[in-house]
Structure formats: C-alpha cells, structure tokens
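# Notes for the structure review
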Amino acid sequence: MNRPAPRNRTDAGGFREGAVRSPRSSVSVLVPVFNEGNTLNEVVERLLALPAVAEIIVVDDGSRDGAFGGFHHKDDCRVRVLRHEQNLGKGAAVRTAIQHATGDIVVIQDADLEYSPEGIPELLEPIKSGLADVVYGTRFHDAATMEAPPLRNLANRLLTQFSNWATGLSLSDMETGHKAFRREVFSGIEIKENRFGFEPEITAKLARRGVRLVEVPISYKPRSYADGKKIGFRDGLRALWCILRYR
C-alpha cells in the first residue's frame with residue numbers, strides 16, 4: 001500500500017527547502033512495559049528484525065504478570081532491560097529509558113502491539129532526510145481508527161484540538177504513542193509527568209522550542225480494556241490539566 005508523504009502539521013519551523021539527507025543514523029527504541037507479557041516477546045522480535053534498530057531499551061515498570069519470566073531476548077546484545085520496583089507510569093518509564101539511549105534517533109514503541117513496529121522506518125524518514133526534528137505517527141488518516149470505541153476517538157480528537165489551541169500547532173493526533181525524536185532534542189527536555197500526561201507535556205515543550213515537528217500516517221490496532229488497555233477517564237482530565245500547565 002502506498003502511504004501519503006509526510007505532512008507538515010505544525011507552525012514550528014516546517015520543512016526546509018533543499019534539506020540534505022543526513023548520514024546513516026543509529027536508532028534507539030524505548031519500550032515501556034507494564035503487564036504486557038503476552039506481547040512483549042513479539043514486539044522485541046519484530047523490532048530486532050528492523051535493520052535501522054541499533055538498540056532496544058525495555059523498561060519493566062513494575063509488572064505483576066511475570067512479563068519477563070519468559071522473556072526470550074535477555075542475552076541479545078542489542079536489548080537492555082531496566083526495572084522499576086513499582087509501577088510509576090509510562091512517562092516515568094520513558095524518562096528512565098532516555099537516560100540510557102545512545103542512538104542518534106529515539107523512538108517510543110508501546111509493548112502492546114497497538115502500534116506496528118514495522119511502521120518505524122516511516123517515522124524515521126523525515127528525520128533522516130533532514131526534514132524534521134520530531135515525527136508523530138498519526139492514527140487519524142483512515143477508517144481503521146474507527147475500530148476504537150467512538151468515545152475514545154472523540155476524546156483523543158478533543159484533547160488534540162485543545163493542545164493545538166494551547167501550543168499553536170496543527171496536529172491531528174497529539175496523544176499518539178508512536179513518536180520519533182532526534183536524541184539531542186529529546187534529551188534536552190525535562191519530563192515531569194509520570195503517567196500519560198507525558199504526551200501533552202512533551203508536545204507543549206517541543207512547541208515552545210520551535211522544533212520542526214511533522215506527522216506521518218501509521219497503522220493502529222486498538223485494544224480494549226479487557227485486553228489490558230490502561231488509559232482512562234482520569235488520565236483524560238490529567239491531560240487537560242497538563243495542556244494548561246505546560247503551555
């Protein structure tokens with residue numbers, strides 16, 4: 001399937017005319033994990049199959065399902081496992097992982113397979129081509145996203161619109177879990193939010209810095225709360241508060 005070209009969705013710099021493709025870059029993938037033992041092995045296996053991936057930093061955020069008891073990739077030199085003794089949240093796991101990342105580009109990959117690892121090369125392309133500093137994978141480009149409950153879709157769209165109002169950006173999917181960054185951009189931002197408030201926080205701080213932020217379409221397979229979906233109503237309220245706090 002032919003995918004649309006990356007879209008400039010922000011007023012934060014835009015594409016540069018005649019941008020020069022950068023040399024081959026190493027890629028670090030950050031994988032926060034909380035009770036995702038059923039999918040963790042497959043996620044890491046598919047990430048290892050991607051030629052661009054130089055290292056995978058897995059953070060066990062206090063899992064209680066024995067997620068790492070049957071983990072098959074502990075001895076792979078490209079995989080590093082870090083642990084939190086108790087569950088702190090996605091933002092805290094990403095904060096831990098970025099401190100150990102050595103790649104030129106950093107990608108966030110959830111461990112539940114809602115986001116396909118095979119979409120990572122398309123996230124990387126605008127950065128490798130010198131067209132962007134940060135790339136968000138947008139879920140809102142075709143009917144596939146409608147598989148998610150309508151109320152969840154509506155909440156995501158409203159939060160994105162509110163974030164756009166606060167930041168001056170023109171994103172279609174601020175809450176996406178698939179994001180890629182030049183490491184020096186990400187490492188220069190202090191992340192304070194421990195849970196899902198990480199998404200509006202990082203977006204607001206990127207906007208303040210005026211980085212070149214673009215979106216590319218990604219595939220998305222939403223999962224239900226019965227499957228272990230964790231974000232809830234309180235996280236939505238927290239996201240609203242974070243948008244105002246960090247703008």
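Our structure's up above, just so we're on the same page.
Here the structure is a predicted model, which is why all the values come from computation and not from measurement.

Thresholds, definitions, all that
- Residues numbered from 1 in each chain as written.
- Predicted model: local features only at pLDDT ≥ 70, side-chain atom pairs only at ≥ 80, totals over all residues.
- Heavy atoms only, no water.
- Helix = DSSP H or I, 4+ residues; strand = E, 2+ residues; numbered from the N terminus.
- Buried < 20%, exposed > 50% of the residue type's maximum accessible area, 1.4 Å probe, protein only.
- Contact = heavy atoms within 4.5 Å.
- Areas by Shrake-Rupley, 256 points an atom, 1.4 Å probe, with all protein chains shown as cover.
- Polar contact = N/O pair within 3.5 Å; in protein donor to acceptor, adjacent residues only side chain to side chain.
- Salt bridge = Lys/Arg side-chain N within 4 Å of Asp/Glu carboxyl O.
- Pairing = 2+ DSSP bridges.
- Axes fitted to C-alpha atoms, helices over the stretch in contact; angles between N-to-C directions.
- Core = buried A, V, L, I, M, F, W, Y, C linked by side-chain atoms within 4.5 Å.
- Right-handed = clockwise from strand over helix to strand, strands pointing away.

## Considering the overall build of the protein chain
What the protein chain contains, in helices and strands, is 7 helices and 7 strands. Each helix (α) and strand (β) of the protein chain, taken in turn from the N terminus, gives the series β-α-β-β-α-β-α-β-α-β-α-α-β-α. For the protein chain, the residues scored as buried account for 55% of the 247 residues in total. Sequence separation of 24 or more characterises 78% of the internal contacts of the protein chain that already satisfy a separation of 6 or more. In the form shown here, the protein chain has an accessible surface area of approximately 11,500 Å², with 51% of it arising from carbon and sulfur atoms.

## Looking at unusual backbone geometry
Even without a glycine there, the phi angle at Asn 35 is positive, about 60 degrees. With respect to the helices, strands and loops of the structure, Asn 35 is situated in the loop between strand E1 (27–33) and helix H1 (37–48). Overall, the relative accessible area of 28% leaves Asn 35 in the partly exposed class. Unlike most non-glycine residues, Leu 113 shows phi in positive territory, near 70 degrees. By secondary structure assignment, the location of Leu 113 is in the loop between strand E4 (105–108) and helix H3 (120–128).

## Quick look at the side chain of Ser 28
By the element assignment, Ser 28 lies in strand E1. Its relative accessible area of 0% is what places Ser 28 among the buried residues. Looking at Ser 28, its side chain comes within polar contact range of the side chain of Glu 55, at 2.4 Å. Within the local environment of Ser 28, its side chain forms a polar contact with the backbone nitrogen of Gly 103, the two atoms lying 2.8 Å apart. Among all residues touching Ser 28, those that are not within four sequence positions of it are Glu 55, Ala 101, Thr 102, Gly 103, Ile 105, Val 106 and Val 107.

## Side note on the pattern of salt bridges
The tally for this structure, following the rule as stated, stands at 14 salt bridges. Among the salt bridges present, the one from Asp 133 reaches Arg 212, with a minimum N-O distance of 2.9 Å. Of this pair, Asp 133 sits in the loop between H3 and strand E5 (134–138) while Arg 212 is found in the loop between helix H6 (198–209) and strand E7 (213–217), placing the two residues 79 residues apart along the sequence. Across the pair Glu 199 and Lys 179 runs a salt bridge whose closest N-O atoms are separated by 2.4 Å. You can see Glu 199 sitting in helix H6 and its partner Lys 179 sitting in strand E6 (residues 179–182), a full 20 residues away along the chain. Under the relative-accessibility criterion, Lys 179 is labelled buried at 0%. Through salt bridges that share partners, Lys 90, Asp 110, Lys 179 and Glu 199 make up one connected network.

## As for the sheet that holds E7
If you trace the 7 strands from one edge of the open sheet to the other, you get E3-E2-E1-E4-E6-E5-E7, paired in mixed fashion. The sheet is open, and its two borders are formed by strand E3 (79–84) and E7, each paired with just one other strand. Between one strand axis and the next, the sheet turns by 20 degrees as a mean value, whatever way the strands run. Contacts from H1 reach E1, strand E2 (53–61) and E3 within the one sheet, and its direction differs from that of E2 by about 165 degrees.

## Here's the deal with the environment of Phe 186
Here Phe 186 shows up in helix H5 (residues 183–187). Relative accessible area serves as the criterion here: at 2%, Phe 186 is assigned to the buried category. Linking Phe 186 and Arg 95, residues 91 residues apart in sequence, is a C-alpha distance of 10.0 Å. In this view, Phe 186 contacts Leu 30, Val 94, Ile 98, Val 106, Ile 108, Phe 181, Ile 191, Phe 198 and Ile 202; residues no more than four positions away in its chain are not counted.

## Notes on the nonpolar core
Counting residues in each nonpolar core, the largest one holds 33 residues, and the members touching the most others are Ile 56, Val 58 and Val 107. Elements supplying a minimum of two residues to this core: E1, H1, E2, E4, H3 and E7. Counting residues per element, this core draws most heavily on H1, at 5 residues.

## Quick notes on the pairing of E2
Across the 9 residues that make up E2, a large majority, 8, are buried. Note that E1 and E2 share 7 bridges and pair parallel. Paired with Pro 32 across the bridge in E2 is Val 59. Read from E1 through H1 to E2, the crossover connection turns out right-handed. Note: E2 against E3, 6 bridges, orientation parallel. Following the sheet pairing, Val 58 is matched in E3 by Val 81.

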